[in-house]
Amino acid sequence: MSGGALTGRAPTGANVAVIYHSRKGTVRSLAAAVASGAEAAGASVRLRSVREEADGPGAEPADLTDLVWADAVVWGTPTHYGNVSAPLKEFIDSTGPAGLWSAGSLANLAVSALTSSTSLNGGQEGTLLSLHRTMYHWGALVTSVGASGDSADDWHDTGGNPYGLSVCADPRGRISASAEAAARTLGARMTGLAARVRPLRPSRARPSRPRAGGAQRLLIVLQQGDHRLRGLADALAVGAAEEGAEIRLRHVDGDETRLRHVDGDEVTPADVEWADGIAWGMRSRTGVLPSPLAAFIERTQRELPGPGYRGKAVTAFGTTLNAHAGGESTLLSAYTAMHQWDAVVLAPGYTDPVVNAAGGNPYGTLHHAGNGPSERSAVAAAHYQGRRFAIATAALATPPRTPHDRPRPALGSG
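Residues numbered from 1 in each chain as written. Predicted model: local features only at pLDDT ≥ 70, side-chain atom pairs only at ≥ 80, totals over all residues. Heavy atoms only, no water.

Chemist: I would appreciate a short explanation of the overall build of the chain in the present structure.
Modeler: Per the secondary structure count, the chain includes 12 helices and 14 strands. Sequence separation of at least 24 residues holds for 81% of the intrachain contacts in the chain that already meet a minimum separation of 6. Summed over its atoms, the accessible surface of the chain is roughly 15,800 Å², and 51% of this surface lies on carbon and sulfur atoms. (Helix = DSSP H or I, 4+ residues; strand = E, 2+ residues; numbered from the N terminus. Contact = heavy atoms within 4.5 Å. Areas by Shrake-Rupley, 256 points an atom, 1.4 Å probe, with all protein chains shown as cover.)

Chemist: Any chance you could explain the environment of Tyr335 here in plain terms?
Modeler: Following the sequence through the fold, Tyr335 ends up in helix α10 (residues 327–340). Taking relative accessible area as the criterion, Tyr335 reaches 0% and is therefore assigned buried. Measuring from C-alpha to C-alpha, the distance between Tyr335 and Leu289 comes to 9.3 Å, with 46 residues separating the pair along the chain. The residues touching Tyr335, leaving out its near neighbours within four places in the chain, are Tyr136, Val314, Thr315, Ala316, Val345, Leu346, Ala347 and Tyr363. A polar contact is formed between the side chain of Tyr335 and the backbone nitrogen of Ala316, at a distance of 3.1 Å. (Buried < 20%, exposed > 50% of the residue type's maximum accessible area, 1.4 Å probe, protein only. Polar contact = N/O pair within 3.5 Å; in protein donor to acceptor, adjacent residues only side chain to side chain.)

Chemist: How should I be thinking about the side chain of Ser116 in this particular structure?
Modeler: With respect to the helices and strands, the residue Ser116 is situated in strand β5 (residues 110–117). In this structure Ser116 comes out as buried when scored by relative accessible area, which is 5%. Ser116 has contacts with Thr26, Val27, Thr77, Pro78, Thr79, Gln124, Val167 and Ala169, leaving out every residue within four places of it along the chain.

Chemist: Help me understand the packing of aromatic side chains, please; the structure alone is not making it clear to me.
Modeler: The geometry of two aromatic rings is summed up by the distance between their centres and the angle between their planes. Under the criterion given, the structure shown has seven aromatic pairs. With a centroid separation of 6.3 Å and 50° between ring planes, the pair formed by Trp280 and Tyr309 is classed as tilted. Residue Trp280 is found in strand β11 (residues 277–283), and its partner Tyr309 is found in the loop between α9 (291–303) and β12 (313–320); the two are separated by 29 residues along the sequence. Neither Trp280 nor Tyr309 differs from the other in exposure class; each is buried. Positioned above the aromatic ring of Trp69 is the side chain of Arg46, whose terminal nitrogen or guanidinium carbon lies 4.2 Å from the ring centre. Over the ring of Trp274 we find Arg248; its NZ or CZ atom is 4.0 Å from the centre of that ring. (Phe/Tyr/Trp six-rings, centres within 6.5 Å; stacked < 30°, edge-to-face > 60°. Lys NZ or Arg CZ within 6 Å of the ring centre and 35° of its normal.)

Chemist: Would you explain the pairing of strand β1 (residues 15–20) in this entry?
Modeler: Each regular strand carries side chains that alternate between the two faces of the sheet. With six of six residues buried, β1 is to be regarded as a mostly interior element. By the bridge criterion, six bridges tie β1 to strand β2 (residues 44–49) in an arrangement that is parallel. Following the sheet pairing, Asn15 is matched in β2 by Ser44. Following the backbone out of β1, through helix α1 (residues 26–40) and into the adjacent parallel β2, one traces a crossover that is right-handed. As judged from the five bridges shared by β1 and strand β4 (residues 72–78), these two strands associate in the parallel manner. Bridge assignment links Tyr20 to a residue of β4, and that residue is Gly76. (Pairing = 2+ DSSP bridges. Right-handed = clockwise from strand over helix to strand, strands pointing away.)

Chemist: Got a minute to help me understand unusual backbone geometry in this structure?
Modeler: Outside of glycine, negative phi angles account for most residues, and trans bonds account for most peptide bonds. One non-glycine residue, Asn108, lies in positive phi territory at about 70°. Within the secondary structure, Asn108 is located in the loop between α3 (86–93) and β5. Judged by its relative accessible area of 3%, Asn108 is buried. The backbone of Asp342 shows a phi angle near 70°, a positive value even though the residue is not glycine. The residue Asp342 is located in the loop between α10 and β13 (344–346) in this model. Given the relative accessible area of 6%, Asp342 is considered buried.

Chemist: Help me out: how do you make sense of the environment of Val267 in this one?
Modeler: Relative to the assigned elements, Val267 resides in the loop between β10 (265–266) and α8 (269–274). For the pair Val267 and Ile220, spaced 47 residues apart in sequence, the C-alpha separation works out to 9.2 Å. Apart from the residues within four sequence positions on either side, Val267 is in contact with Leu219, Val221, Arg250, His251, Val252, Phe296 and Arg299.

Chemist: Just checking my understanding: could you explain the packing of helix α7 (residues 227–242) against helix α12 (residues 375–397) for this structure?
Modeler: The description of two helices packed together rests on the angle between their axes and the distance between the axes. Relative to each other, α7 and α12 sit at 40°, their axes nearing to 7 Å. Compared by their axis directions, α7 and α12 come out oblique. Where α7 crosses over α12, the two elements pack in a sense that is right-handed. Residues Arg228, Leu232, Ala235, Leu236, Val238, Gly239, Ala240 and Glu242 of α7 pack against Glu375, Ala378, Val379, Ala382, His383, Gln385, Gly386, Arg387 and Ala390 of α12. (Axes fitted to C-alpha atoms, helices over the stretch in contact; angles between N-to-C directions. Parallel < 35°, antiparallel > 145°, perpendicular 65-115°, else oblique. Left-handed = near helix turned anticlockwise from the far one by under 90°.)

Chemist: Any chance you could explain the pattern of salt bridges here in plain terms?
Modeler: Close approach of charged atoms allows side chains with opposite charge to pair. This model, assessed by the stated rule, comprises 15 salt bridges. Close ionic contact of Asp93 with Lys89 constitutes a salt bridge, the shortest N to O distance being 2.9 Å. Placement of the pair is Asp93 and Lys89 together in helix α3, with a separation of four residues, close to one helical turn. For Lys89, a relative accessible area of 34% corresponds to the partly exposed category. The salt bridge involving Arg228 is made with Asp226; its shortest N-O contact spans 4.0 Å. Exposure remark for Arg228: the relative accessible area of 11% places this residue in the buried category. In this structure Asp226 comes out as buried when scored by relative accessible area, which is 8%. If you follow the salt bridges from partner to partner, you end up with Arg46, Arg48, Glu60 and Asp66 in one network. (Salt bridge = Lys/Arg side-chain N within 4 Å of Asp/Glu carboxyl O.)

Dropping the structure here:
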């Protein structure tokens, strides 16, 4: 496969950009396989490199216009000290000064990633998760390669990384048959996601008020005993309902305050099976996923037949005692858990001024009692998060449109 732009066109008109940096050729080989899989699935594909490669023919140089053109992006990077390589990070960082981020041009991209390192456990997971965190700031829909159907064996043979595709680097840039197959599967999966999010992309939208335009079932799960958390859950539910969502409000056990608030019925695995999207509400105490939620997620995976959380949209919100009491880490831990089960993570990102007014947390609405913005600001942000989440969930649950369908406007495009 040449490094130039691929020309396959999808009935849905989906655009997939595969943008990478490669040192030894392994990432380049994976990226080419992803591009091949996306093209075979019907996408228009751009295979791009962020730096000219000295060890072999590379792709055409990446340009920021590739991000505006794309409906989905797959990032490729070698693992550098458990993080993204400097050339790829420099390219991503350049979206700020160029104004793409502040203009909302990067919102609602479907995103996944791949990496390689010299050793099997050389920081691959940390690299992929660091990329995810950056994409949450954009307001992207972030997913992993996952393991499903005929591709499960290939995914496990590569090491079974739940956060994206990762392999050991080869000095000659070669990849195994399993890694190539897993990469092609990733390309095909991102083509499907690209087709679904395409109507949400700012470059496809018309400047009018967005509507969800499809049935979606949203489950809001929260810990009991915190009136501030319940207030955020209610606001999120109202925002989602305004966009046509059907809502179930449920609670989990584990109320250490012993305040028996009636926050809906207790959540069950059947609620997860019913839902198209799930919003997790939690109190931050130690900067990690609260034990009641962790226990429920594990129970769900044991008891639910079939895919469980796979392909479902997820978002999160919470409360803390102070502005820096582990709230961001708690929300991120929820997303890490959901990537384990192959969900699609949709954080608010910086996609609307209400996010900044509520403290500027790109990972989810967070209200802290000790200091910071008012509860009213947090409630407004949660309301927006619910609207945006309902619209994105409806898009994921709706069959892709054809190029002849008129696109819906996007929420969070400026």
